[in-house]
Amino acid sequence: MAFEEVNSKMVRATVRPGQRLFSQRGAMLAYQGDVSFTPNLTGGRGGVVSMIGRRVANEDTPLMTVEGSGTVFFGHGGHHVQVINLSGDTLYVEADRLLAFEGTLEQGTVFLGSQGGVMGMVRGQVSGQGLFTTSLKGHGSVAVMAHGGVFEVPVTPHRTVHVDPQAYVAHHGDLRNRLSTALGWRDMVGRGSGEAFQLELSGNGTVYVQASEEKL
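Residues numbered from 1 in each chain as written. Predicted model: local features only at pLDDT ≥ 70, side-chain atom pairs only at ≥ 80, totals over all residues. Heavy atoms only, no water.

(A) Expanded view of the pattern of salt bridges. Counted under the stated rule, the structure contains two salt bridges. A salt bridge links glutamate 4 to arginine 12; its shortest N-O distance comes to 3.0 Å. A salt bridge links arginine 20 to glutamate 67; its shortest N-O distance comes to 3.1 Å. With arginine 20 in strand β3 (residues 20-23) and glutamate 67 in strand β5 (residues 63-74), this residue pair connects regions lying 47 residues apart in the sequence. (Salt bridge = Lys/Arg side-chain N within 4 Å of Asp/Glu carboxyl O. Helix = DSSP H or I, 4+ residues; strand = E, 2+ residues; numbered from the N terminus.)

So this is what it looks like as structure tokens:
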């Protein structure tokens, strides 16, 4: 895998000729070797569809294409960084928590509330978070960011997990997500945290949760 955790806030990536990585703009901390960094509006293997999705989600900042031969150190804002390895499955990650990923992965844009009906729209309007999340599919590794560290919560057919949408980082596996409210419509106004909204995940997989509700 391309990424190796150096410490809780930095990862090391090996860049090889003929291969490429993609990173969030401003994520490069240092590098060794003959490595180039180029803005890429198409967002990896997702092509123009991914680009459109990112623009709809108000993410106009391009990803950086990283190529060449050498070693790159990634981190951003002193946030906790965790590496997730994929073996043919799909990872769904909150777009602003995506630090870097291998170019072998196919990127797409998914409406997180697509299985939760109108509550997806409510979540975006009241909680202030985006309606979209990024999907990464295939074989490769991904580096994600979070506040205060990341913990993995297993989801099983007999154990549904509820997550505060602002603490959600990513999930993978055969999971169904549903956005719901624990309060009445009048009580929801001005409340964007888990007291008002819950992201319910059911099925079989893993959800990654940050140890803080603070936005990145």
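And the narrative resumes.
(B) Spatial organisation of the pairing of strand β7 (residues 98-102). In terms of burial, β7 is largely enclosed, as five of its five residues are buried. As paired elements, β3 and β7 share three bridges and run antiparallel to each other. Counted as the bridge partner of phenylalanine 22 is phenylalanine 101 from β7. (Buried < 20%, exposed > 50% of the residue type's maximum accessible area, 1.4 Å probe, protein only. Pairing = 2+ DSSP bridges.)

(C) Main features of the side chain of threonine 71. Tracing the backbone through its elements, the reader meets threonine 71 in strand β5. By relative accessible area, which is 18% here, threonine 71 ends up buried. Ignoring anything within four residues of it in the chain, the contact list for threonine 71 reads Arg12, Ala13, Ala30, Tyr31, Gln32 and Val35. (Contact = heavy atoms within 4.5 Å.)

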